[in-house]
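Residues per chain, in single letters:
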Amino acid sequence: MSSIKTFIADFGWPRIIIALFLLSLFVAAPIVGVDLGASIGDVLNRFGQNAIMVLALVPMVQSGCGLNFGLPIGILAGLLGSTITMQLGLTGLTGLLVAILITIVFGVIFGYLYGKLLNNVKGEEMTIAMYVGFSAVMLFSILWLVLPFNKADLVMGYAGEGLRRSIALEDYWGKLLNNFGQFSIGGTPIPTGLLLFVGLCVFFVYVFMRTRTGTAMTAVGSNPDFARASGVSVERMRTVSTVVSTVLGGIGILAYQQSFGWVQVYDAPLFMAFPAVSALLIGGASVTKASMVNVVLGTFLFQGILTMTPSVINNVLKNELSEVIRIIVTNGMIIYALTRKTKVAK
Amino acid sequence: MSTGTRLLSLRGISKEFYGNVVLEDISFDLDRGQIIGLVGENGAGKTTLMRILFGMPVIAETGGFNGTIELDGQPVAFKTPFDALDAGIGMVHQEFSLIPGFSTTENIALNRESLKTNFACDIFGKRMSVLDRVTMRERAVKAIHTLGVKLDPDMLVSEMPVGHKQFTEIAREIDRKNVKLLVLDEPTAVLTETEAEVLLSSMRALAAQGISIIFISHRLHEITKVADKIVVLRDGKIVKDVPVAGVSVQDIAAWMVGRDVKTKAAHLSVCKDSVYLNVEHLWVDMPGETVRDVSFQVMEGEIFGIGGLAGQGKLGIANGVMGLFPAGGQVTVGGQDVILNNPHAALNSDIAFVSEDRRGVGLLLDESLEWNIAFTAMQAKRQHLIPVLGGLFSVRDEKSMKALALEYIESLEIRCTGPRQRAKELSGGNQQKICLAKAFALKPKLLFVSEPTRGIDVGAKAIVLETLRAYNRDYGMTIVMISSELEELRSICHRVAIVDEGKIAGILPPTADVAQFGLLMSGLGAGKNGDAA
């Protein structure tokens, strides 16, 4: 009995409730006439699409910069990576690798500047980050119009300049990872390549957090004065964590795009940070501590609910309630975690 | 001037915080118009005693106190400071509680303003009345006059020199109608010599009008000058309660710091002749512990003690050398210059530091003991790491971290459930041992320990001091120990320096007379050349 209690305390009621809700959706799916196999395939796919962006939040949480609401900055680096590569006409695996490379270059530059900024607003990172993210997206909305892109399938039809809102990736590297080694189990397609790529990134962050730098980063988040007295540069560690987070955000959007099949620019990145933050919190992370388990579990639960509610609930209620539920879950989880901030930290 | 009628008597006051006795059987009397000088080292219990007298809520929250307080022959037990105020007790704290944007008058009359009623009061009640500024100003002038000082009643507090702020605080207390007793907690600490002189004469003037004063000060010559009677607290007990006549500053100093038991000079290690640490003209900008100009030398293998009262800068020395606060001057260790303002460089000069701020700087409270002990060695010395991919990068070596933690848990007798327990779950004494383990893990040649026994129990204290002594004896580690507890310094150090007002007031051998230490602490040292050991 006591072991059940400690399990609940460790796992947390919110997660248990959400897990039970997700389970009930899976149980209800066949009853209301939804194809369970396809649904599970969807959940796995969306898990792969979003997991790296959730993962991108971890370094900054660990270094004490809070939840990275400025994730769109990383996403912009990723958008630059993919659009420039497409402009260069590179396709297939080469295209994807070059896109990753360009994303890393821009991610490092953006992350460095963003990190410097956050070092000047210690204690208010999350609020500032959100507005920095918003502003950057809007600034880039102008840039997408004026940057010298001229490839026919990238730019707007009549003007001949300025990027389209959505650019098809089909002829470049769309579904490249999804289709790599894909197989089906009883009608459920498994996006092997995508899941492997996610696994690789998770492993990278796992190892990174165990390096000397990663350890210093965690200590900075845990007690900056202690870290400083141990000869660690607090500012530098925070900047490094922001750079890693920004680069991962960029790579995350690349994985998202190839699976989704479209590159979306202009205001599309605006609210990308919220589902990621919410997923991490559902996974059991706090504002000051996050682990790989939080990332994987949280993304699965969050995306599971997101995928299953439309198909199941809409079939039952015949209306668009699912969108409402999605918003309540996303933002409710963020509020819950932020109000618990002090409790979790001490 | 004492008029012989009893105003206040304390009988058998005792107080403990969580089983830690801070006051034991305190009894003394105070007559009308009498000034009592209350002295004692930091932590002797002065503040707690005043809190009890003043009915501060913190006392009731921590279990109340034993004993009785009688005011004017009536037993009283104040539940809140407001009750104490109503009974005619005024208190001036070390920190100012004035509103900077208000004038002297407004501050003096704050919350007791003279009011004028108008027609709105008839409808909406008293809250609509307006300030009667003329009467308020008269009251302020009267209070200032009673004090016997020159204060502009219309000056804004933000524009005043520090001394005037202090006078405003006192004027506010005596503006109360029935004030009988004033408690002044180190009122002269922020004043210049002349301002202090003025304050002392105003205290005399107040006493002449029948107001009794409890005067707390570290400046012993002020006590001898102004007080009628002196009460010396040490370790929560009254050691002396005598009329001030015929008492010298030296006597008070000896009562304050002295122990009845003669300290045995423990078998100290023999230190070498070579200078290991040389500090010249060090200044450190550490808030509340400013170091102005400090020079000293520490021999190789020596345990060098630094004592002095709180706020005089003794803590700043170690923090400055370690690069934790802005500092300047010249510091050499083992013949090599230490780069200041750079913690990493200091650690690489084979120096380690045990901070006085255990929970704030010393520990990662939310992390495991392994992390706490091994982290600094990992970051500064690149130990406990496993190289990966031919040294391209390295990851932490959890096995060696655990081994290190276990080694120190055993050797320092750290009580814990294991190396994975989180630091915040340990008791104060064991946390302090973790801090020591962290420093020892760096294998330093020079160790700064700041307040190593603050807030830990007697048993842990003994282990901590014995450990320091053992490392000094067995490994020849040079130690600079900074402590507020003079006895402790005298029991373990080869030499003890006393810091006063950001400078070294003098360096004495531990065998020197306690009175000499007391004099140095009170800024009355034998002169800058000091009695070098």
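Treat the numbers as computed from the prediction; the structure is a model and nothing was measured. Per chain, residue numbering runs from 1 following the sequence as it is written. Written order determines the labels here, with chains lettered from A and ligands numbered from 1. Restriction of local features to residues with pLDDT of at least 70 applies here, the model being predicted, together with a cutoff of 80 or more for giving and counting side-chain atom pairs; totals for whole chains, interfaces and linings are based on all residues.

(A) A look at the overall build of chain B. To qualify as a helix, a DSSP run of H or I must reach at least 4 residues; to qualify as a strand, a run of E must reach at least 2; elements of each kind are numbered from the N terminus. Helix and strand counts for chain B come out as 19 helices and 24 strands. Taken over the C-alpha trace, chain B has a radius of gyration of 27 Å; the compact-globule value for 533 residues is 24 Å, and the two agree within 12%. The principal-axis extents of the C-alpha atoms in chain B amount to approximately 90 × 60 × 45 Å. Remark: C-beta atoms are placed from the backbone, and a residue is labelled buried if 20 or more other C-beta atoms sit within 10 Å of its own, exposed if 12 or fewer do, or partly exposed between those counts. Across the 533 residues in chain B, those meeting the buried criterion constitute 45%. Across chain B, every contact between residues at least 6 apart in sequence was considered, and the portion connecting residues at least 24 apart equals 67%. Radius of gyration here uses only the C-alpha atoms, and the compact-globule reference equals 2.2 Å multiplied by the residue count raised to the power 0.38. We call two residues in contact when the distance between their C-beta atoms, placed using the backbone, is within 7 Å.

(B) Here's a closer look at the sheet that holds strand E3 (residues 35-40) of chain B. All names here are of chain B. Note on pairing: two strands pair once DSSP finds at least 2 bridges between them. On the basis of which strands lie adjacent, the open sheet formed by six strands has the order E6-E9-E10-E3-E11-E12 and mixed pairing. Edge strands, defined here as strands with exactly one partner in the open sheet, are strand E6 (89-92) and strand E12 (237-243). Across the sheet, the mean angle from the axis of one strand to that of its neighbour is 15°, orientation sign disregarded. Across the sheet, helix H8 (residues 193-208) touches E3, strand E9 (181-185) and strand E10 (212-216), and the angle it forms with E10 is around 150°. In this description, a line fitted to the C-alpha atoms serves as the axis of each element, helices being fitted only across the stretch in contact, and the angle between N-to-C directions of two axes falls anywhere from 0 to 180 degrees. Along the sheet face, helix H10 (residues 249-257) touches E3, strand E11 (229-234) and E12 and points at about 30° away from the line of E11.

(C) Highlighting the interface of chain A and chain B. The partner chain B presents 25 residues to the 16 residues of chain A that form the contact. Sorting the residues of the side of chain A that touches chain B by element identifies helix H9 (192-210), helix H10 (212-222) and helix H11 (224-229) of chain A as the ones contributing at least two each. Per-element accounting of the side of chain A that touches chain B gives the leading share, five residues, to H10(A). Charged means Asp, Glu, Lys or Arg here, nonpolar means Ala, Val, Leu, Ile, Met, Phe, Trp, Tyr, Cys or Pro, and polar covers whatever is left, Gly included. Residue composition of the side of chain A that touches chain B, by class: six nonpolar, six polar and four charged.

(D) Region of interest: the environment of Ile109(A). Mapped onto the secondary structure, Ile109(A) falls in helix H6 (residues 92-119). Along the sequence, Ile109(A) and Val247(A) sit 138 residues apart, while their C-alpha atoms lie 9.4 Å from each other.

(E) Summary view of the packing of H6(A) against helix H7 (residues 125-146) of chain A. All names here are of chain A. Direction vectors running N to C along H6 and H7 enclose 140°, while the axes themselves pass 10 Å from each other. It follows that H6 is oblique to H7 by the angle criterion. The interaxial crossing formed by H6 with H7 has right-handed handedness. Residues Tyr114, Leu117 and Leu118 of H6 pack against Glu125, Ile128, Ala129 and Val132 of H7. The class makeup of the residues in the contact of H6 with H7 is six nonpolar, no polar and one charged. Angular relationships are summarised with four words: roughly parallel below 35 degrees, roughly antiparallel beyond 145, roughly perpendicular across 65 to 115, and oblique for the angles in between. Each crossing gets its handedness from the near helix: less than a right angle anticlockwise from the far helix is left-handed, clockwise is right-handed.

(F) View of the pairing of strand E23 (residues 495-500) of chain B. Residue and element names in this part refer to chain B. The buried count for E23 comes to six of six residues, which makes it a mostly enclosed element. The alternating pattern of E23 places Arg495, Ala497 and Val499 and Val496, Ile498 and Asp500 on opposite faces, both of which are buried. With five bridges joining them, E23 and strand E24 (residues 503-508) adopt antiparallel strand pairing. Across the sheet, the residue bridging to isoleucine 498 is glycine 506, located in E24. Adjacent in sequence and paired antiparallel, E23 and E24 are bridged by two residues, among which glutamate 501 carries a positive phi angle near 50°.

(G) Helix H5 (residues 71-87) of chain A, seen in detail. All names here are of chain A. Over its 17 residues, H5 extends 24 Å from the first C-alpha to the last, a length consistent with the 24 Å expected when each residue adds 1.5 Å. Within H5, 15 of the 17 residues are buried, leaving the element largely enclosed by the surrounding structure. Positive phi appears at glycine 89, one or two residues downstream of H5, with a value of about 80°. Each residue after the first adds 1.5 Å to the expected span of a helix.

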